Amino acid sequence: MNLVEEWGITLAVFLPLLGAIVIVLTPKGMESIQKVLALAATGAALLVGLALTFAFEHGEPGMQFEKSLSWIPSIDSNYHVGIDGISLPLLVLSVLVCFLCIIYACWHIPEPGNAKAFLALILLLETGMNGSFIALDLVLFFVFWELVLVPMYFLIGIWGGENRQYASIKFFLYTLFGSVFMLLGFLALYFQSDPHTFDMLLLQESGVLDIPAGLASLIFGGLALGFAVKVPMWPFHTWLPDAHTQAPTIGSVLLAAVLLKMGTYGFMRIAIPILPGPAMQFAPVIAVLAAIAIVYGALCCLAQTNLKRMIAFSSVGHMGFVMLGISTMTPEGFNAAVFGMVAHGVVTGMLFFLAGSIKERYHTYEMPELAGMGLKIPKMAGLLAFCAIASLGLPGLAGFWGEVMALLASYQPLEGLDPTIFRGAMVVGAIGTVLTAGYFLWMLQRVNMGKISEKWKKVKLADVETLEYAAWLPLLALILVLGLYPRLIMDTTTSSVTALTETITGRSSGDDAHVAQVTDH
Amino acid sequence: MVTTLATAAEHGAEVAASTGAPLEMAWLIPIIPMVSAAVIWGVGKRFPKKGAEIGILAMLAVLAGALVVFFDTIGHIAADEGWHGYERAVTWMNFGPGTTLELGFKVDGLAAVLLVVVGVVATMVHLYASSYMHDEVRVTHFFASLSLFTASMLNLVLANNTIQMLVGWEGMGVCSYLLIGHWWEKHENSSAAIKAFLTTRVGDVGFMLGIFVLFWGAQSFNVGVISEMATAGDIAKGTLTVGAILLFCGAIGKSAQFPLHTWLPDAMAGPTPVSALIHAATMVVAGVYLVARMFPVFAAAAPVALEEVAIIGSITMLIAALLALVQDDLKKVLAYSTISQLGYMIAGLGVHAYTASVFHIWTHAWFKALLFLGAGSVIHAVHSNKMSDMGGLYKKMPVTSITYIIGGLALAGFPPFAGFWSKDELVLGAYTQAMEGSGAAMFTFIAMLVTAFLTALYVARMLALTFFGKPKYDEKHVHPHESPKLMIVPLMILAALAVAGGWVGLPGEMNQFGKWVHLPGSEHEPFNMMIAVVSTGAALAGFGIGWAIFRLGKVKVDLQKTALAPVYKLLVNKYYLDDIYWKFIVRPVRDRLSAAAYWINMKVLDGAVNAAGIVAVKTGDFMYRDVDQGLIDGGVNNLAGLMGLAGSKLKFWQTGNMQRYAAAMFLGVAVLVGAFVFFRI
């Protein structure tokens, strides 16, 4: 257990990288060996993730398994890592989904093949994602954050759909654009802190940051922009439908399940606790944008005929619920956010898997051509219905808790925030749930139901295959388990999100004179 | 007055110690059908009856459990008038410091009565369906959904908190979606399923927001705690009123009240056993149950909240009864009659006739399930839903006919059939309130009498057109015959209940039902001969006129040729509500608003992004070629070289573009950093 506590989170990050390096060293064409290596690396990371979950003191609010090694002494940047109740669920989600993606890759490597590069890039991606969830140093965080871009860029640009060039460059540059402002924010935090530091925990301590209110807001705006692009928050979301639709199945799954969460996580880990005053200022804006995202995302979904693009747009709405939860600044809202992130990862990840597998069979995402799938491949259709119903937030399945708690929390945001705006957002968001149900059910009607089109009447299609089941069963089970037993996440997160709210109320109510001024404005 | 509910919540542990085993195990009742649903979905196909037998077994277990709990409960009530129920819960989760959500159950008279209703009807429907659905597609799926549906309803009935109620509530929603759309090869069936789900979900938005409002008012989801605080005046009246009205929105959707009733007739697209279970006896009474369960909140928010309830219920009962008059589809007559009867129950709650409303749930369940299953038997025989294809079936299907007529008479509210007793109590309740000066109650009282007349009228029409007169079906090809035993036996059992089911609520000393389900403060005199005579008179008049027109042909009426022609047209078009919703809500949102949002997405938001990209590339080009290369070149070349290396290995690298993008990007960074340093912000 000592190994896990000392080096567990580091292993979870670098085992995949090690796997990537080993795979790159194997000769080309040894596909099965490369697959086994990838399985081993991600499997090992998953086991570490599970071991961490067991070693973790659930209910403790603070950082655990913390480790700090000197890294770049000249700017006092350290390899400072650790996890708390907010990061653990996301880390576990990441290691799990990556492992399942590799299983899926064993079933099928998309055109134009080249298993070696494909697998190595996924492993590299995993390192970046896992790293983002454990980093407690801004420079370290930034490195992992940017590291994610490169493999995803190649995954979309090489293995993507017809319009992959455009989508991949758009994804890369848009995110880079956001992260420039984020980096500037980091630098500003460094120069404004006394002593100069990149340490996230240190920056949260009162007295370390001594900033005039205007500058604090500016810095928060920079950080928020960087994170908002990643989430993506409306109106910074337009890279997402293209990236999702063009990415290979596994790319879409990872994008939806893990990558987007880096943005929301950034809000909760960095922007809000370090700059609580400006966060309180910006919260109503975030709530309004979130409410817009929920309805707007649903409306755009209604306009789609392409199954995958519809699922992509559904993420805009779902992440809207997550951001709405965050904007309330309450433990309930933050809990809703973390739960919503995991649930969205599991459910939407699963939906992208299904979309991919449907495409493998029908060679199209166009809903009219898929009509009557329930007659053709009933098991696949059943799974699609199950996941769609989970995604529209049916109580008893995973999607429900995040949505309902976010709306519940918006009724009563943290003291100091104007409840009127948040209650307005609550009503709009609640109406959004009807629209969400609308587009999912309409999709099911067009895809699953009806009669088989002439084109497919005589063609035989394989229903769900064994390896597909292997990749999906854990997610399907989680959809049900999280829905029925939400404590699985709540018991871990509640204490940490409560501490987060305490940080906000503590810091913005007097400890720090300057920040306090900000809320007074 | 409602310390009743709250005490149970507070002293759950104490009650636990003093209560026998049956109540402690009540939580198993919803679990059984939940497990059976999972088993049927999993392995049901391998069974000879494709899973139907598993469902039936589960239902028998549910019924047995429900009866045990029921008798134990009434035993407790008999032993101690002040017994307020039994409640137990575990923590479902803490979603904030001190905000706990429980997973629990609560058995009291109200819940016990509902358990019996659900248990009996579900069992009958399962038995019946195992024969009715015998040759249909996806039988396994059908029975699994049916089981899950029952589990959801039972969960709703037993839930001790509002969120758990919502779980059961929506679970039923999705099961009814699956079941209405069972024959989804036909577009109209799947559309009906979607309509049902979405229309009820509109109401659910209100339900959900109501839960939130009450939660923040009471700091609890627990029904008992909320009720106690509401009664004690610990929640602001404004909060209570808003909360109650929002909750009632949920009831409007689920219990098909005006103006959200339009989904229920379409839901007849599902197999008939589904109509019997879901759209008559259980799911649609969920809304009524919700109002009854949360009644202390409504009572504390009186008069506004209760008057709203009474008025909506009254409007609903009238407009639906009128619609039932002009239907040709036998199932749609029953569907509108269900809406109308639900209006009775809702309006009853609105006029404080608490016990009577729940009593009407009880009696209505028996005769409406009977009528639907009977209709299924008829439809099976003539292969048509239309009454214009029926007639003269009395001789061909005696058991179906007799039981159906019993059901019809119970619905029309003739003594001594079940429907009479509950209807009479409801009318009396409205009358009592009206005499106290409530305008809304007076409206309700009149609406109830008029509806009693209309109900008997359409019942007479329905019975006459279906079972009497000359056969209208094609006698060459259709040979109606009595249905198999598995279908007839449930009819006979339900018929017995439709006759005698109301006798537990006979007025006076013998009234048991009033002891099982009552709420201090919502009592009225048990019986009033004048009211009984008037309401029965209204029913007799309606039936007589109906019989004279449709059976005896004494009065020839062709509505289309009289002054009532516009009214007839209005009714045939269902008050144009469907058209209005379709033209002014569904189509604009689904086709136009969505297209507009997507246009904004592509042209405005994404257009701006693309424009920015183009500008950046152009600027980058310009800078790269013309501006001081030394500054940028080193960095760019290094990066480009690195990426180029990776790219050439992968052989798909598109050279060129990236350099320019990166140049632009780095330039941007440089400018910003410069600004940052320069302005010392």
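Procedures and definitions
Residues numbered from 1 in each chain as written. Chains lettered and ligands numbered in written order. Predicted model: local features only at pLDDT ≥ 70, side-chain atom pairs only at ≥ 80, totals over all residues. Heavy atoms only, no water. Helix = DSSP H or I, 4+ residues; strand = E, 2+ residues; numbered from the N terminus. Rg over C-alpha atoms; globule rule 2.2 N^0.38 Å. Buried < 20%, exposed > 50% of the residue type's maximum accessible area, 1.4 Å probe, protein only. Contact = heavy atoms within 4.5 Å. Areas by Shrake-Rupley, 256 points an atom, 1.4 Å probe, with all protein chains shown as cover. Buried area = accessible area lost by both parts, 1.4 Å probe. Salt bridge = Lys/Arg side-chain N within 4 Å of Asp/Glu carboxyl O. pLDDT = per-residue confidence, 0-100. Disulfide = S-S within 2.5 Å. Axes fitted to C-alpha atoms, helices over the stretch in contact; angles between N-to-C directions. Parallel < 35°, antiparallel > 145°, perpendicular 65-115°, else oblique. Left-handed = near helix turned anticlockwise from the far one by under 90°. Nonpolar A, V, L, I, M, F, W, Y, C, P; charged D, E, K, R; others polar. Core = buried A, V, L, I, M, F, W, Y, C linked by side-chain atoms within 4.5 Å. Phe/Tyr/Trp six-rings, centres within 6.5 Å; stacked < 30°, edge-to-face > 60°.

A. Here's a closer look at the overall build of chain A. On a plain count of helices and strands, chain A comes out with 22 helices and two strands. By the compact-globule yardstick of 24 Å for 521 residues, chain A fits well, its C-alpha radius of gyration being 22 Å. Summarising its shape, the C-alpha atoms of chain A cover approximately 75 × 55 × 40 Å along the three principal directions. The buried share of chain A, reckoned over its 521 residues, is 70%. In chain A, the share of contacts with a sequence separation of at least 24, taken over all contacts with a separation of at least 6, comes to 80%. Summed over all atoms, the accessible surface of chain A reaches about 15100 Å², with 66% contributed by carbon and sulfur.

B. Main features of the overall build of chain B. If you tally the helices and strands in chain B, you get 28 helices and two strands. Going through the 681 residues of chain B one by one, you find that 58% of them count as buried. Considering only contacts in chain B between residues 6 or more positions apart, those separated by 24 or more positions represent 80%. About 25400 Å² of surface is accessible on chain B, with carbon and sulfur atoms providing 67% of the total.

C. Structural view of the interface of chain A and chain B. Every contact between the two is made by 80 residues of chain A and, on the other side, 63 residues of chain B. The junction of chain A with chain B conceals about 6300 Å² of combined surface from both sides, 78% of it contributed by carbon and sulfur atoms. Counting the surface chain A buries against chain B, the share from its top three residues, A:Leu408, A:Leu441 and A:Gln445, is 10%. For the pair chain A and chain B, the number of links is one salt bridge. Among the salt bridges present, the one from A:Lys170 reaches B:Asp606, with a minimum N-O distance of 2.6 Å.

D. Looking closely at the confidence of the model for chain A. Model confidence for chain A is summarised by a mean pLDDT of 90, while 97% of its residues fall at 70 or above. Confidence drops under a pLDDT of 50 for residues 510–521 of chain A, and excluding neighbours within four residues, the segment shows 22 contacts in the predicted structure.

E. Fine view of the state of the cysteines. Residue and element names in this part refer to chain A. If you walk through the whole model with that rule in mind, you get zero disulfides over all chains. Lacking any disulfide linkage, Cys101 is separated from the closest cysteine sulfur, that of Cys98, by 6.3 Å. We classify Cys101 as buried; its relative accessible area is 0%. Cys387 carries a free sulfur, and the closest cysteine sulfur to it, the one in Cys101, is 14 Å from it. What makes Cys387 buried here is its relative accessible area of 0%.

F. Just the side chain of B:Glu170, in detail. Relative to the assigned elements, B:Glu170 resides in helix 8 (residues 162–180). Once residues within four sequence positions are removed from consideration, B:Glu170 is found in contact with A:Leu394, A:Pro395, B:Arg201 and B:Asp204.

G. The packing of helix 6 (residues 164–192) of chain A against helix 9 (residues 239–246) of chain A, seen in detail. Residues and elements named next belong to chain A. Orientation of helix 6 relative to helix 9, taken along the N-to-C sense of each, is 135°, at an axis distance of 9 Å. What the angle tells us is that helix 6 and helix 9 run oblique. Regarding helix 6 and helix 9, the two cross each other, and that crossing is left-handed. Only Trp239, Asp242, Ala243 and Gln246 of helix 9 make contact with helix 6, whose side of the interface consists of Arg164, Tyr166, Ala167, Lys170, Phe171 and Tyr174. Grouping the amino acids of the contact of helix 6 with helix 9 by side-chain chemistry returns six nonpolar, one polar and three charged.

H. A look at the environment of A:Val36. Along the polypeptide, A:Val36 turns up in helix 2 (residues 31–55). The sequence separation of A:Val36 and A:Leu3 amounts to 33 residues, and the corresponding C-alpha distance is 25 Å.

I. Layout of the pattern of salt bridges. The full count for this structure, using the stated rule, is 20 salt bridges over all chains. Here A:Asp491 ties to A:Arg487 by a salt bridge, and the two come within 3.1 Å at their closest N and O atoms. Separated by four residues within a single helix, A:Asp491 and A:Arg487 lie in helix 21 (residues 487–511), roughly one turn from each other. Take A:Asp491: its relative accessible area is 30%, and that puts it in the partly exposed class. In this structure, the salt-bridge partner of B:Asp591 is B:Arg587, at a minimum N-O distance of 2.6 Å. Here B:Asp591 and its partner B:Arg587 are both found in helix 26 (residues 577–626), four residues apart, which amounts to about one turn of the helix.

J. Here's a closer look at the nonpolar core. In this structure, A:Phe267 and A:Trp472 are the most contacted members of the largest nonpolar core, which totals 427 residues. Filtering out sequence-adjacent residues up to four positions away, A:Phe267 remains in contact with A:Ala224, A:Phe227, A:Ala228, A:Val231, A:Met233, A:Ile272, A:Pro273, A:Ile286, A:Met323 and A:Ile326. Of all hydrophobic cores here, the second largest spans 21 residues; its members include B:Tyr344, B:Ala430, B:Tyr431 and B:Phe445.

K. Molecular detail of the packing of aromatic side chains. Applying the stated criterion across every chain yields a total of 54 aromatic pairs over all chains. Centroid distance A:Phe353 to A:Trp472: 6.3 Å. Interplanar angle 45°. Geometry classified as tilted. Taken together, the positions of A:Phe353 in helix 13 (residues 331–362) and A:Trp472 in helix 20 (residues 466–484) put the pair 119 residues apart, joining distant regions of the chain. The residues A:Phe353 and A:Trp472 share a single accessibility class, namely buried. With 5.3 Å between their ring centres and 50° between their planes, B:Tyr431 and B:Phe445 make a pair best called tilted. Note that B:Tyr431 is positioned in helix 20 (residues 418–435) and B:Phe445 in helix 21 (residues 439–467), a separation of 14 residues in sequence. Of the residues examined, B:Tyr431 reaches a relative accessible area of 18% and is grouped as buried.

L. Spotlight on the packing of helix 5 (residues 138–159) of chain A against helix 6 of chain A. All names here are of chain A. For the pair helix 5 and helix 6, interaxial distance at closest approach is 9 Å and the crossing angle is 175°. Considered as vectors, helix 5 and helix 6 are oriented roughly antiparallel to each other. Looking at the contact of helix 5 with helix 6, its residues break down into 19 nonpolar, five polar and two charged.

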